[in-house]
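Each chain, letter by letter, is given below.
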Amino acid sequence: MTNASTDIGRAGERAWIALFLVVFLAQGIHGLVTKSGTCDELAAHIPSGILYWKSGEFSGGLANPPLGQLLVAAGPVVSGTADEPLVDDPRHLLPARLPVLVLGMFTVLVAGTLGRLLAGAGVATIGLAALSPNLIAHARLATLDLPVTAFFALAALAAWRWSRAPSRLGLVAFGLLVGTACLVKLTALHLLPAVAVGACLDGSTWPERLRKAGLLVAAGASGIVLVAWLAYGPGAARSGLPVPFVTAILEKLEHGRQGHFAYLLGERSSRGFLLYYPVALGVKTPLPILMTAGVGLVALARGRLGGDGRGFVAWALVPAIWLFGAMALTRVNIGLRHVLPIWPALLALAGSGITYLWRGSRPARAVAVVAAAWVIFAAGTITPDHLAYFNELAGGPDRGDRFLIDSNLDWGQDEGRLRAWVDEQREAGETVTVNPAEPIGGIVAANVNAIHGILREDDRRLRWLAPMSPAHVIGHTWRIFRVAEEPLRQAAARDPVAALDWGRWLISHRRAAEAAEVLARNDLSHDARYAAEWSGVMTEAQLEAENLTEAVRRVVASRDADLAAEVAHRVSERRATPWPERDPQERSLVFAALCRRGKADEALSFARRVMRDHRATVPGFVDFEASAAGLAPTARLARAGQLRRLGLEAHALTELGELLALDAANEAALGLYGELVVRRKLGLTEFPLPPVDWSSVSRRD
């Protein structure tokens, strides 16, 4: 009877596990078929992996090792979608995303194994993992964050298994898993010191603990060396490792030292925030998971869970804490995804907490039921927008931008839904402007990153939208506004800073004289923070009104070199000063200024006229309408860089796509290509993604 009951219990557990895996897959597949490409998919991992597979030469992976990129690019290469790497369509991206979803399932099962070893809480942990928005969000993207989480957790579990039943095979498995994790993403290097610390917490004597630590570190280091050479292939060595691998590590260390633009609680910094990851964890994780993880931690500390608590602390909790602490101290704060490897341990604690409550008194069991229902509700209401999940503490996903942006909320994943909506509106006769450079009336669509000026502390293009309430929201990341004149006028009457935006709106609507009057009534020329901006807008008004004398007087205080160059150009044109009598540098400045100020067609016409009619040179001139075919790779890269500096990013991206088809291992070209795609996906620029054809990329003889 006991055996029969046990068999029924095990069958029931297997049924629950199968159900939870189906739920996880259903949510993941829903996201696969609805979400557009994200920044890192289109800008980094898919293109780098495609070029490596097709050419046999690694371009450097944008300072990432190649294994994860080979993983996500394998499907596109086999299916043929690799020939068009910039097609931003969920169906096109499906072959790249499917392997990550499979690894997501493994991650759920590994988390369940940790929960089972800790407290017999395998089923509860798998249930929580299958409903965890953070895991689901990254399990359906062709990026490195979920793969490194899978291998990080597998390596920790292998160390735990080996510590209980030492064997050469177990040690080899651990080493290979560490090597694989590190060649997917360099954050996994933290496994080596973490398992060394864990080993020192697990054992009866210090000699035994130190022996474990030494063997595990040696096995992990050996695994890294072996997998690194397999991933990079033959080549030059440095300290026993492939030179590109060492270079990638050094670049990541330098990046961490210099810092990266970050946003937290409305503040911006290029040096990071010490509280970034704690805050992100607190607002991006469902509250019932945090609460039950706390219950599990307390029960673990009191020895009430009944499983291998010491093993969990040594081989799961310590690596998670080490990684979280190390990332919290870094100056690169660009997403909670960077600490995703802590999730299996966190979920195991939460699953153990729910199990502990379920085994307790009736009130405790009621709490467990409420927690489980809460998790189900959270997952159900956020589907398919898991990447944008924020808990109740943050006010939900539509208020999450008060805390975090970038890959925590808006990674470009809803652009397809936005474009489809825009097409519907245009078919109905409506005009929609997306991320406008200047205030404009009518229907305006703006993504969260653009509203907050991500990547640039001085980006105030969409500041004027902040006080407005959106009429519609798409995927929690795109906000649709119906902009009328009166609210802007009223805001300007109350706030001199808002008058700057009202002035820009009037200029864009050809009402420059009225704009000048508004700015004169709201004089900020002596305000330390806004003086330059005020002078720039006033200059724009005078320039539009063709009041060049006043424009010349105001432009110096604007500290805008491009605006100053255009003003000087308008003055020279009015005076009809012959071009041979002008400084050649002026021609260069005018051409560049007009390009960067959104007047590329005028710039090209101006340059051609100077060269044709006056037989004068225009230093820095780039004929962006002419083909670059026939130029050497170095010349094409220089041309693309010049186009980027001129603000002609669509042309630059086209050039770089063509260059990489010819020179697949050009790391500088791939770096600039990635930068332009990221800027475009985050909303800093607005243009149709150009077609890129890599069908000709092949291995050299």
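A. Here's a closer look at the packing of aromatic side chains. Overall, the coordinates contain nine aromatic pairs when judged by the stated rule. One aromatic cluster in this structure is built from Y52, F58, Y232 and F245. Taking the ring centre of F390 as reference, the NZ or CZ of K284 above it sits at 4.7 Å.

B. The arrangement of the pattern of salt bridges in detail. Counted by the stated rule, this structure contains 48 salt bridges. Bridged by salt links that share partners, the residues D88, E415, R419, R680, K681 and E686 form one connected network.

C. Main features of helix α12 (residues 276-284). Most of α12 is tucked away, with eight of its nine residues classed as buried. Those residues of α12 that are buried are in contact with α6 (133-139), β3 (262-264), α13 (287-301), α14 (309-329) and α15 (343-358).

D. Just the packing of helix α2 (residues 39-55) against helix α29 (residues 667-682), in detail. Running from N to C, α2 and α29 cross one another at 150 degrees; their axes reach a closest spacing of 7 Å. One finds that α2 runs roughly antiparallel with respect to α29. Crossing of α2 against α29: the hand is right-handed. In this structure, α2 contributes C39, L42, A43, P47, S48 and L51 to the contact, and α29 contributes L670, Y673, G674, V677, V678, K681 and L682. For the contact of α2 with α29, the class distribution of residues is 10 nonpolar, two polar and one charged.

E. The arrangement of the nonpolar core in detail. Counting 173 residues, the largest nonpolar core has F174, F312, W343, Y673 and W694 as the members making the most contacts within it. The element contributing the most residues to this core is helix α7 (residues 145-164), with 12 residues. In this structure, F312 is in contact with L114, L118, W160, L300, L317, A345, A348 and L349, ignoring residues within four places of it in sequence. Core analysis: the second largest hydrophobic core is formed by 28 residues, A450, L462, A492 and W505 among them.

Conventions we followed
- Every chain begins its residue count from 1, and numbering advances along the sequence as written.
- Under the rules for a predicted model, residues below a pLDDT of 70 receive no local features and side-chain atom pairs below 80 are neither given nor counted, while totals for whole chains, interfaces and linings still include all residues.
- No hydrogens and no water enter the side-chain calculation; it runs on all heavy atoms of the structure.
- Between the rings of Phe, Tyr and Trp (Trp by its six-membered ring), a pair exists once the centres lie within 6.5 Å; its type follows the angle of the planes, with under 30 degrees stacked, over 60 edge-to-face, and the other angles tilted.
- A ring has a charge above it when a Lys NZ or an Arg CZ is no more than 6 Å from the ring centre and no more than 35 degrees off the ring normal.
- Between Lys or Arg on one side and Asp or Glu on the other, a salt bridge is scored when a side-chain nitrogen of the former is within 4 Å of a carboxyl oxygen of the latter.
- Throughout, exposure labels follow a simple rule: accessible area from a 1.4 Å probe, protein chains only, divided by the maximum for the residue type, with under 20% read as buried, over 50% as exposed, and the rest as partly exposed.
- Counting from the N terminus, the helices are DSSP H or I runs at least four residues long and the strands are E runs at least two residues long.
- Contact definition: two residues touch when any of their heavy atoms are within 4.5 Å.
- Working convention: axes come from line fits to C-alpha atoms, limited for helices to the stretch in contact. Angles between N-to-C directions cover 0 to 180 degrees.
- Throughout this description, any angle smaller than 35 degrees is read as roughly parallel, any larger than 145 degrees as roughly antiparallel, any in the 65 to 115 degree range as roughly perpendicular, and the remainder as oblique.
- Each crossing is labelled by how the near helix is turned from the far one, with a counterclockwise turn of less than a right angle marking it left-handed and a clockwise turn marking it right-handed.
- Gly is placed with the polar residues, together with every amino acid not listed as nonpolar (Ala, Val, Leu, Ile, Met, Phe, Trp, Tyr, Cys and Pro) or charged (Asp, Glu, Lys and Arg).
- Residue types Ala, Val, Leu, Ile, Met, Phe, Trp, Tyr and Cys, when buried and joined through side-chain atoms within 4.5 Å, form a set referred to as a nonpolar core.

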